[in-house]
Amino acid sequence: KQLKDLVGRDHELTIAGGVTTTQDLAEVDKLGVYAQVGMALYTNTLDLGDAFSAPLITDRPDGLYPTVVVDELGTSLGLVYSSLESIRESVKTGKGVYYSRSRNELWRKGDTSGNGQTLIR
């Protein structure tokens, strides 16, 4: 926090090294600081999907995250819901995987329709 205060709001700060847990990532994010987690990922100490999810918060009682799906140009395609499990699966497979509130299970976009989604960034 002292470093972030010293750097100020006009500059970005990135921490590299020593960030190995999702709790570390969430705490660093609360400070408005970026974290590099390369070694934790390479050594499988930290799952990439968990790392991506660490700073997310939701006020929903079911713990789901409202997720806006967009195309390559940023045009909104729709609103879906994601769970920690669906985010892990999306990051792992590179495909659109969400949480179906009506079926109470993971929904892999395109499994039945053939109209799948690929993560692009």
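Residues numbered from 1 in each chain as written. Predicted model: local features only at pLDDT ≥ 70, side-chain atom pairs only at ≥ 80, totals over all residues. Heavy atoms only, no water.

A. Local environment of the overall build of the protein. Regarding its fold elements, the protein presents 5 helices and 6 strands. Secondary structure elements in the protein, listed N-terminal to C-terminal, are α-β-α-β-α-α-β-β-α-β-β. Of all 121 residues assigned to the protein, the portion counted as buried reaches 27%. Sequence separation of 24 or more characterises 29% of the internal contacts of the protein that already satisfy a separation of 6 or more. Carbon and sulfur atoms form 51% of the exposed surface of the protein, whose accessible area is close to 8,700 Å². The distance from the centre of the 13 positive side-chain charges to the centre of the 16 negative ones in the protein is 3 Å. (Helix = DSSP H or I, 4+ residues; strand = E, 2+ residues; numbered from the N terminus. Buried < 20%, exposed > 50% of the residue type's maximum accessible area, 1.4 Å probe, protein only. Contact = heavy atoms within 4.5 Å. Areas by Shrake-Rupley, 256 points an atom, 1.4 Å probe, with all protein chains shown as cover. Lys, Arg positive; Asp, Glu negative; His and termini not counted. Charge placed at Lys NZ, Arg CZ, Asp CG, Glu CD.)

B. Just the pattern of salt bridges, in detail. Going through the model one piece at a time under the given rule, you end up with 5 salt bridges. A salt bridge links Arg108 to Glu89; the shortest N-O distance between them is 3.6 Å. In this pair, Arg108 is assigned in strand S6 (residues 105–108) and Glu89 in helix H5 (residues 84–93), connecting sequence segments 19 residues apart. In this structure, the salt-bridge partner of Arg103 is Glu105, at a minimum N-O distance of 3.4 Å. Under the relative-accessibility criterion, Arg103 is labelled partly exposed at 45%. On the basis of relative accessible area, Glu105 is assigned to the partly exposed category, the value being 41%. (Salt bridge = Lys/Arg side-chain N within 4 Å of Asp/Glu carboxyl O.)

C. Main features of unusual backbone geometry. Its identity is not glycine, yet Asn44 carries a phi of approximately 60°, on the positive side. Inspection of the secondary structure puts Asn44 in the loop between helix H3 (38–42) and helix H4 (48–53). Asn44 gets classed as exposed once you look at its relative accessible area, which sits at 67%. With phi around 55°, Asn104 is a residue other than glycine that occupies positive phi space. Position of Asn104 relative to the elements: it lies in the loop between strand S5 (97–100) and S6.

D. Representation of the side chain of Ser90 in the model. Among the structural elements, Ser90 can be located in helix H5. Here Lys95 takes part through its backbone oxygen, which lies 3.1 Å from a polar atom of the side chain of Ser90. Those residues within four positions of Ser90 in sequence are excluded, and the remaining contacts are Lys95, Gly96, Val97 and Leu119. (Polar contact = N/O pair within 3.5 Å; in protein donor to acceptor, adjacent residues only side chain to side chain.)

E. Broad picture of the pairing of S6. Pairing of S5 with S6 involves 4 bridges; the strand directions are antiparallel. In the strand pairing of S6, Ser100 is matched with Glu105. Between the end of S5 and the start of S6, which pair antiparallel, lie 4 residues, with Asn104 showing a positive phi angle near 55°. (Pairing = 2+ DSSP bridges.)

F. Broad picture of the pairing of strand S3 (residues 65–70). Of the pairings in the sheet, the one linking S3 to strand S4 (residues 76–82) comprises 6 bridges and is antiparallel in character. Its bridge partner lying in S4, Val68 is registered against Leu79. Hairpin remark: S3 followed by S4, antiparallel, with 5 residues in the connecting loop; positive phi at Gly74, about 90°.

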